[in-house]
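# Residue-level structure breakdown
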Amino acid sequence: MDRAPGLSVRLKLTLSYTGFLMLAGTLVLGVVWVFLLRYSPADGIDSLRELLNPGVFIGGWGPRVFLPAAMLVMAFLLVFGLVGGWFLAGRMLAPLAQITDATRRASGGSLAHRIRLPGRRDEFRELADSFDAMLARLESHVAEQRRFAANASHELRTPLAITQTFLDVARRNPDGDTGDLVERLHAVNSRAIDLTEALLVLSRADQRSFTPERIDLSLLAEEATETLLPFAGRRGVTIETSGDVAPTIGSPTLLLQLTTNLVHNAIVHNLPDGAAGTVLVRTGAAPEGVTLTVENTGERLTAGLVATLAEPFQRGTERARARRADGDHAGVGLGLAIVRSITEAHDGTLALEPRAGGGLRATVRLPAG
């Protein structure tokens, strides 16, 4: 933003110090002058000439002596105030110069720089600490966004490359059977559409572009469960739903997406086909907030692996898209990332922990409605 040039803060503080010092000096000299008048003759002073006579006052401290001395004192206070105020203002504003330098570096793209202002806590050091914390969050956010953009580009490039390969094959063999080719192209295109829609949901959650409404989380859990029951039946997974009314405030669409993603993830990453897998969905309410817990049976998970599951494009133990015989796939790798973003957009928390017998327990905590 362009601004007209003006006085620096250091000069303003210097002038303020000097003005205050001059005012205090004037008041002190005024008090001294009034004190000296108390020792004038009792019958008063009849003329200016008599007032200027030093002999009228005790000790000869008349105006002829007092006024020059007062002017010298005021001149000294003026110089002392300007020099001392300039020095003190520079010392006081030195931390602000460091903060300004860090701000300029950050505006130039250097987010790794930190102020780390030494000394005991005061207003400047609180500002510096807040700025350092903001830089740390920005650096982490920018790194996450760059990593997300790279992963998204890679994920979107895969179906596009496969589509290009299929089209090249069809162009080289125009008389070949196109039925299987069309089916494969449809599957690849569906996969790309799913990924694009997931990216849009993730972006919408990050921007908090929704109108909050009163919602019962238990009803959303039942709706998501009913929607996914056929999908779970094909995989031999049983879904059990229980819990209390869980009122909260947020976006019905996004919170339904959150619940659906959790249940879908619990179905996909369950016991191998043919085994009797289980998904438990529970809701709870307390004065401090509501909870949605989804846990499933499955393979044993380590704490280190669980810590990475909410990262974009993570699919458990492998990043490759798992294609199954029934035509379903393991998703686009954004399920839990979307869950975390929606949770944070609603000022909640997501906790992931491995179950002792295998599988995962995901707990979403949201503010009470």
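All values reported here derive from a predicted model rather than from experimental measurement. (Residues numbered from 1 in each chain as written. Predicted model: local features only at pLDDT ≥ 70, side-chain atom pairs only at ≥ 80, totals over all residues. Heavy atoms only, no water.)

## A look at the overall build of the protein chain
A count of helices and strands for the protein chain gives nine helices and seven strands. Scored against the burial criterion, the 369 residues of the protein chain give a buried share of 33%. For the protein chain, the computed accessible surface area is about 22,200 Å², with 59% contributed by carbon and sulfur atoms. (Helix = DSSP H or I, 4+ residues; strand = E, 2+ residues; numbered from the N terminus. Buried < 20%, exposed > 50% of the residue type's maximum accessible area, 1.4 Å probe, protein only. Areas by Shrake-Rupley, 256 points an atom, 1.4 Å probe, with all protein chains shown as cover.)

## Comments concerning the environment of Ala362
Take Ala362: it is sitting in strand β7 (residues 360-366). Taking the relative accessible area as the measure of exposure, Ala362 reaches 3% and is therefore buried. Taking the C-alpha atoms as reference, Ala362 lies 9.5 Å from Leu336; in sequence the two are 26 residues apart.

## Describing a nonpolar patch on the surface
A cluster of nonpolar side chains, contributed by Leu7, Leu15, Leu78, Val79, Leu82 and Val83, occupies part of the molecular surface with about 530 Å² of accessible area. If one sorts the elements of the nonpolar patch by residue count, helix α3 (residues 63-107) sits on top with four residues. By secondary structure assignment, the location of Leu78 is in helix α3. Take Leu78: its relative accessible area is 37%, and that puts it in the partly exposed class. (Patch = residues over 30% accessible without salt bridge, like charges linked within 9 Å, V, L, I, M, F, W, Y side chains within 5 Å. Salt bridge = Lys/Arg side-chain N within 4 Å of Asp/Glu carboxyl O.)

## Section: helix α9 (residues 335-345)
With eight of its eleven residues buried, α9 lies for the most part within the structure. Taken as a whole, α9 has its buried residues at Leu336, Ala337, Ile338, Val339, Ser341, Ile342, Thr343 and Ala345. After α9 finishes, the residue Asp347 shows a positive phi value of roughly 60°.

## Digging into the nonpolar core
Counting residues in hydrophobic clusters, the biggest one holds 43 residues, and the most contacted among them are Leu262, Ile267 and Leu292. Every element with two or more residues in this core is listed here: α5 (179-207), α6 (217-234), β2 (237-243), α7 (252-268), β4 (277-286), β5 (289-296), α9 and β7. Ala102, Ala106, Ile115 and Leu135 belong to the second largest nonpolar core, which has nine residues in total. (Core = buried A, V, L, I, M, F, W, Y, C linked by side-chain atoms within 4.5 Å.)

## Observations regarding the packing of α6 against α7
α7 packs onto α6 with a crossing angle of 40° between their chain directions and a minimal axis gap of 9 Å. Of the possible angle classes, the one that applies to α6 and α7 is oblique. Two packed elements cross with a definite hand, and for α6 against α7 that hand is right-handed. Each of Leu220, Ala221, Glu223, Ala224, Leu228, Phe231 and Ala232 in α6 lies in contact with α7, whose residues at this interface are Pro252, Leu255, Leu256, Thr259, Thr260, Val263, His264, Ile267 and Val268. Across the contact of α6 with α7, the residue classes break down as twelve nonpolar, three polar and one charged. (Axes fitted to C-alpha atoms, helices over the stretch in contact; angles between N-to-C directions. Parallel < 35°, antiparallel > 145°, perpendicular 65-115°, else oblique. Left-handed = near helix turned anticlockwise from the far one by under 90°. Contact = heavy atoms within 4.5 Å. Nonpolar A, V, L, I, M, F, W, Y, C, P; charged D, E, K, R; others polar.)

## Observations regarding the sheet that holds β2
Taken in spatial order, the five strands make up an open sheet running β2-β4-β5-β7-β6, and their pairing is mixed. Because the sheet does not close on itself, it has two edges, and the strands there are β2 and β6 (349-354). Between one strand axis and the next, the sheet turns by 15° as a mean value, whatever way the strands run. Inspection of the sheet shows β2 paired to β4 by seven bridges, in the parallel sense. Looking across to β4, one finds that Gly243 is bridged to Thr283. Taken strand by strand, α6 contacts β2, β4, β5 and β7, and its axis lies near 170° from that of β2. In this fold α9 packs onto β6 and β7, with an angle of close to 145° to the strand it touches most, β6. (Pairing = 2+ DSSP bridges.)

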